[in-house]
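# Results of the structural survey
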Amino acid sequence: MDERDHREIAELGEFGLIDHLTEGLSNINSSTLKGVGDDAAILQYKDTEVLVTTDLLLEGVHFDLTYVPLMHLGYKSAVVNFSDIYAMNGTPRQITVSLGISKRFTVEHMESLYAGIRKACEIYGVDLVGGDTTSSRQGLVISITCIGDAPKDSIVCRDGARDTDLICVSGDLGAAYMGLQLLEREKVASAGQKDFVPRFEGKEYLVERQLKPEARKDIIRELAEAGIKPTAMMDVSDGLSSELIHICKQSHTGCRIYEDRIPIDYQTAVMAEELGMNLVTAALNGGEDYELLFTVPLTDHEKVSKLPGVKVIGHITKPELGCAMITRDDVEMPLKAQGWNPLAG
């Protein structure tokens with residue numbers, strides 16, 4: 001689109017922009033009594049527990065608009081919140097979206113961002129029920145709060161893992177991190193080149209895992225259909241090692257995982273070799289895969305082993321044994337929380 005066709009956000013004002021971006025929204029969930037258009041949304045949950053999560057995303061810290069399309073950013077911003085609700089064994093129902101917008105963004109830019117948010121809501125059956133906008137002096141700020149629910153006896157926290165429980169993970173790990181490395185490499189290569197074409201051939205999966213992750217709603221459904229309730233669960237946002245240590249710390253346990261059982265996609269392995277990076281380190285510490293890490297009782301081994309897209313990678317131990325990975329050479333290596341730390345400068 002020609003930049004001359006773009007409209008300044010100030011032309012619409014705060015409420016005009018919100019009205020424009022949320023025009024035509026309809027509510028899907030019965031718990032949404034009133035959504036956008038009043039001072040507050042009205043929600044009603046009759047027989048379930050309410051789950052609430054929020055994420056704050058800052059340009060230059062959490063995303064780089066050099067290579068992240070605004071529509072993908074909107075989609076990802078919503079989906080990562082849905083993932084937190086699924087990680088509690090719940091169902092996301094509503095979100096609110098608050099934006100800090102600098103003057104370099106136009107109405108059309110915000111339309112692209114909201115197109116991604118609205119697409120995510122449509123796919124996952126979530127209602128967009130409110131939010132706020134304000135000016136930002138340093139780039140784009142996105143804050144999304146997601147509300148969900150679950151029957152009281154179905155909610156899964158991080159503190160329920162017990163000795164001998166099996167450690168399971170969905171999907172594969174390290175792909176999103178490798179996708180980020182690929183995008184960063186091509187960003188550097190593009191510097192000063194007017195008609196640069198990035199080289200993503202054969203690595204499209206990695207780019208998609210970074211730019212357009214999906215929440216594992218399907219795994220939650222499969223667990224329920226198999227009659228399995230995890231004893232502890234988290235989504236893998238900061239890296240497998242960090243998340244597993246969180247579970248063990250809050251459950252007062254130790255753990256053992258096995259290097260040869262960590263699920264890794266072929267494209268991830270190829271990219272790690274190309275960049276001269278340690279593949280297992282990437283899978284342990286990469287983050288942003290948004291897969292589900294969970295524990296189940298040993299008695300559920302047969303049932304969980306039959307689930308497509310789920311792999312048993314180890315077991316929970318007594319706390320005094322600590323957290324470790326058994327390498328392919330049968331060497332015990334302590335696990336360290338080396339994943340993403342947003343406060344590490």
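Please refer to the structure higher up on the page.
Residues numbered from 1 in each chain as written. Predicted model: local features only at pLDDT ≥ 70, side-chain atom pairs only at ≥ 80, totals over all residues. Heavy atoms only, no water.

## Considering the environment of Gly60
In this structure, Gly60 sits in the loop between β3 (49-58) and α2 (70-86). Residue classification places Gly60 among the exposed residues on the basis of a relative accessible area of 70%. On a C-alpha basis, the gap between Gly60 and Gly139 in space is 8.0 Å, while along the polypeptide they are 79 residues apart. (Helix = DSSP H or I, 4+ residues; strand = E, 2+ residues; numbered from the N terminus. Buried < 20%, exposed > 50% of the residue type's maximum accessible area, 1.4 Å probe, protein only.)

## Focus: the packing of helix α4 (residues 175-190) against helix α8 (residues 266-275)
Running from amino to carboxyl end, α4 crosses α8 at an angle of 45°, the nearest separation of the two axes being 9 Å. Here α4 lies oblique to α8, going by the angle between them. In this structure, the crossing between α4 and α8 has a hand that is left-handed. Counted together, Ala175, Met178, Gln181, Leu182 and Arg185 of α4 and Thr268, Met271, Ala272, Glu274 and Leu275 of α8 form the full contact between these two elements. Looking at the contact of α4 with α8 residue by residue, the class counts come to 6 nonpolar, 2 polar and 2 charged. (Axes fitted to C-alpha atoms, helices over the stretch in contact; angles between N-to-C directions. Parallel < 35°, antiparallel > 145°, perpendicular 65-115°, else oblique. Left-handed = near helix turned anticlockwise from the far one by under 90°. Contact = heavy atoms within 4.5 Å. Nonpolar A, V, L, I, M, F, W, Y, C, P; charged D, E, K, R; others polar.)

## Quick word on the pairing of strand β5 (residues 127-135)
Two elements, strand β4 (residues 91-101) and β5, share 8 bridges in a ladder whose sense is parallel. Within β5, the residue paired with Ser98 across the bridge is Asp132. Remark: the β4/helix α3 (residues 107-124)/β5 crossover connection has right-handed handedness. (Pairing = 2+ DSSP bridges. Right-handed = clockwise from strand over helix to strand, strands pointing away.)

## Quick word on the pattern of salt bridges
On inspection of all chains with the given rule, the structure shows 19 salt bridges. Ionic pairing is found between Arg185 and Glu186, a salt bridge with its closest N-O pair at 3.0 Å. Residue classification places Arg185 among the partly exposed positions, given a relative accessible area of 21%. The exposure class of Glu186 is buried, given its relative accessible area of 5%. Across the pair Lys306 and Glu302 runs a salt bridge whose closest N-O atoms are separated by 3.6 Å. In this structure Lys306 comes out as exposed when scored by relative accessible area, which is 62%. Salt bridges here are not isolated pairs; linked through shared partners, they connect Asp172, Arg209, Arg216, Asp218, Asp289 and Glu291. (Salt bridge = Lys/Arg side-chain N within 4 Å of Asp/Glu carboxyl O.)

## Things to note about the side chain of Thr295
In this fold, Thr295 is placed in strand β10 (residues 292-296). In this structure Thr295 comes out as buried when scored by relative accessible area, which is 1%. A polar contact of 2.6 Å, which involves the side chain of Thr295, links it to the side chain of Thr231. Residues contacting Thr295, with those up to four places away along its chain left out, are Ala161, Asp165, Leu166, Ile167, Pro230, Thr231, Ala232 and Ile316. (Polar contact = N/O pair within 3.5 Å; in protein donor to acceptor, adjacent residues only side chain to side chain.)

## Points about the packing of α4 against helix α5 (residues 204-211)
Viewed as axis vectors pointing N to C, α4 and α5 meet at an angle of 100°, and their least axial separation amounts to 7 Å. Considered as vectors, α4 and α5 are oriented roughly perpendicular to each other. On α5, the residues touching Ala175, Ala176, Met178, Gly179, Leu180, Leu182 and Leu183 of α4 are Tyr205, Leu206, Val207, Arg209, Gln210 and Leu211. Looking at the contact of α4 with α5 residue by residue, the classes come out as 10 nonpolar, 2 polar and 1 charged.

## Notes on α8
Looking only at α8, the buried set comprises Gln267, Thr268, Met271 and Ala272. Seen end-on, α8 carries its buried residues on one side only, within an arc spanning 135°. The exposed residues of α8 that point more than 90 degrees off its buried face are Tyr266 and Glu273. Capping the start of α8, Asp265 holds a side-chain oxygen 2.9 Å from the backbone nitrogen of Gln267, two or three residues further along. After α8 finishes, the residue Gly276 shows a positive phi value of roughly 70°. (Arc of directions from axis to C-beta.)

## Some details on the packing of aromatic side chains
Applying the stated criterion across every chain yields a total of 2 aromatic pairs. Ring centres of Phe82 and Tyr124 lie 5.4 Å apart, and the angle between their planes is 55°; this geometry places the pair in the tilted category. Of this pair, Phe82 sits in helix α2 while Tyr124 sits in helix α3, and the two are 42 residues apart along the sequence. The residues Phe82 and Tyr124 share a single accessibility class, namely buried. Relative to Tyr124, the ring of Tyr86 lies with its centre 6.3 Å away and its plane at 50°, an arrangement referred to as tilted. Of this pair, Tyr86 sits in helix α2 while Tyr124 sits in helix α3; the two residues are 38 residues apart in sequence, bridging distant segments of the chain. Each member of the pair, Tyr86 as well as Tyr124, is classed as buried. Taken together, Phe82, Tyr86 and Tyr124 form an aromatic cluster joined through their ring pairs. Sitting over the face of the ring of Tyr258, Arg261 holds its NZ or CZ atom 4.6 Å from the ring centroid. (Phe/Tyr/Trp six-rings, centres within 6.5 Å; stacked < 30°, edge-to-face > 60°. Lys NZ or Arg CZ within 6 Å of the ring centre and 35° of its normal.)

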